[in-house]
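# Inside the fold
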Amino acid sequence: MADDVPTPSPHAGHRPPGYLDQKDAHLKRLRRIEGQIRGLQRQVENDTYCIDVLTQVSAATRALESFALGLLDEHLAHCVSEALSSGDQDAQAKVKEASAAIARLVRS
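Residues numbered from 1 in each chain as written. Predicted model: local features only at pLDDT ≥ 70, side-chain atom pairs only at ≥ 80, totals over all residues. Heavy atoms only, no water.

So, on to the packing of helix H2 (residues 50–85) against helix H3 (residues 91–107). With their axes 9 Å apart at the nearest point, H2 and H3 run at an angle of 165 degrees to one another. One element, H2, and the other, H3, form an angle in the roughly antiparallel class. When you trace H2 past H3, the crossing you get is left-handed. Of the residues in H3, those touching H2 at Ala68, Leu69, Leu72, His75, Leu76, Cys79, Val80, Ala83 and Leu84 are Ala91, Gln92, Lys94, Val95, Glu97, Ala98, Ile102 and Leu105. Class assignment for the residues of the contact of H2 with H3 results in 13 nonpolar, 2 polar and 2 charged. (Axes fitted to C-alpha atoms, helices over the stretch in contact; angles between N-to-C directions. Helix = DSSP H or I, 4+ residues; strand = E, 2+ residues; numbered from the N terminus. Parallel < 35°, antiparallel > 145°, perpendicular 65-115°, else oblique. Left-handed = near helix turned anticlockwise from the far one by under 90°. Contact = heavy atoms within 4.5 Å. Nonpolar A, V, L, I, M, F, W, Y, C, P; charged D, E, K, R; others polar.)

Next up on the list: H3. With 17 residues, H3 extends 25 Å between its outermost C-alpha atoms, agreeing within 8% with the 24 Å of an ideal straight helix rising 1.5 Å per residue. Within H3, the full set of buried residues consists of Ala91, Lys94 and Ala98. The buried residues of H3 occupy one face: seen down the axis, they fall within an arc of 55 degrees. Away from the buried face of H3 by more than 90 degrees, exposed residues Gln92, Lys96 and Arg107 are located. Each element contacted by the buried residues of H3 is listed here: H2. (Expected span 1.5 Å × (residues − 1). Buried < 20%, exposed > 50% of the residue type's maximum accessible area, 1.4 Å probe, protein only. Arc of directions from axis to C-beta.)

Our next topic: the pattern of salt bridges. What the rule picks out here adds up to 2 salt bridges. With a closest N to O distance of 3.3 Å, Arg38 and Glu34 form a salt bridge. Here Arg38 pairs with Glu34, and both are found in helix H1 (residues 23–45), just 4 residues apart, close to one helical turn. Of the charged contacts, one joins Lys94 and Asp90 as a salt bridge, the two residues approaching to 4.0 Å between their closest N and O atoms. Judged by relative accessible area, Lys94 falls into the buried class, the value being 10%. (Salt bridge = Lys/Arg side-chain N within 4 Å of Asp/Glu carboxyl O.)

Coordinates in, geometry out; function isn't part of it.
Here is the structure:
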């Protein structure tokens, strides 16, 4: 079926991602965050007090923000830095792309 075909990344064929060395640690962290979200579902299913649910939402939000900032740091240190130092033609595009990602994080 057409729904089973993964959409290719617009960055396919580019350098490996900056987080590659930390991939296992990132996956472990994301699984913990996933567990927090499942915990939120259980809280709602069990009619947990609103403030207690909101406290857990705040913790999950902070965990995701922390993950995103770490990933952004790795992207800047690896992908953007490497493009700039090599004089890569798309270096300025990488800087703009990183700036847009920062703006999305700040707005969220």
